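Here are the chains, one letter per residue:
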Amino acid sequence: MQFNGEIPEIPCIKVDNFTNLTDQIHYGFISHAHSDHLSGLANNLGDVEIYCTEITKRLISSLEKPEYSKNIEKLRPCPMNQELSLDRGKIRVTFIPVYHCLGSAMILFETTTKSVLFTGDARFDMPTISALKMNQRIMKYIARHRMLRCYVSWYDFCIQNSKYWYSRQIHR
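Attention in this report is confined to the structure presented alongside it. Note that the coordinates shown come from a computational prediction; the quantities given were computed from them, not determined experimentally. (Residues numbered from 1 in each chain as written. Predicted model: local features only at pLDDT ≥ 70, side-chain atom pairs only at ≥ 80, totals over all residues. Heavy atoms only, no water.)

## Considering the pairing of strand β6 (residues 91-97)
Burial runs high along β6: six of the seven residues are buried. Note that strand β5 (residues 84-86) and β6 share three bridges and pair antiparallel. Note on β6: the bridge partner recorded for Leu84 is Val93. Hairpin connection of β5 to β6: four residues between the antiparallel strands, including Asp87 at a positive phi of 55°. Where β6 lies against strand β7 (residues 105-110), six bridges are found, and the strand directions are antiparallel. Each bridged residue has a counterpart across the sheet, and for Thr94 the counterpart in β7 is Leu108. (Buried < 20%, exposed > 50% of the residue type's maximum accessible area, 1.4 Å probe, protein only. Helix = DSSP H or I, 4+ residues; strand = E, 2+ residues; numbered from the N terminus. Pairing = 2+ DSSP bridges.)

This is the structure we're talking about:
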């Protein structure tokens, strides 16, 4: 089952899926340039602008898929770990490196009342976990025990040089 791109806590955005856009959708976000996260990017996006990392924009541009070319100008590159303010400051967005692939990012969405972390596809190995624990944007949630709603597309938990391999697959 494919993620429909909706984040109920912030109804004016879609992430990694741009099918079935409505008039209520004002902003789109791409976590990384794998094709299963670009659903609907070939569609007519209307006035919706799509935010992604600079590397993700370059990768999508280099795919040489004519169906994406009409929307390349709608891709807005964002630097990692810098807050972007949208909707007159009502929504703050930060792309956080996740090391799944080149240019991949988790996306932290913050409003005055809600915080949501969309991971996209993430590999949580020890170096990634260490980097996240030191990330200033995430640290405030860890240090203050603040609620952070998470949407995870795919994850692997692995500990290098260990006999344990953790993933979402259920072992019996």
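## Here's the deal with the side chain of Ser39
Along the polypeptide, Ser39 turns up in the loop between β2 (27-29) and β3 (49-53). Exposure remark for Ser39: the relative accessible area of 17% places this residue in the buried category. The residues touching Ser39, leaving out its near neighbours within four places in the chain, are Gln2, Asp16, Asn17, Phe18 and Thr19. (Contact = heavy atoms within 4.5 Å.)

## Topic: the pattern of salt bridges
Enumeration according to the criterion identifies six salt bridges in this entry. One salt bridge connects Arg76 with Glu49, and the closest N-O pair in it is separated by 3.1 Å. One end of the pair, Arg76, is in strand β4 (residues 75-78); the other, Glu49, is in strand β3, with 27 residues separating them in the sequence. As a salt-bridge pair, Arg137 and Glu110 come within 2.6 Å of each other at their nearest N and O atoms. With Arg137 in helix α4 (residues 136-144) and Glu110 in strand β7, this pair connects stretches of sequence that are 27 residues apart. Accessibility classification places Arg137 together with Glu110 in one group, the buried group. Several salt bridges converge on common partners, so that one network encompasses Glu83, Arg92, Glu110, Arg137 and Lys140. (Salt bridge = Lys/Arg side-chain N within 4 Å of Asp/Glu carboxyl O.)

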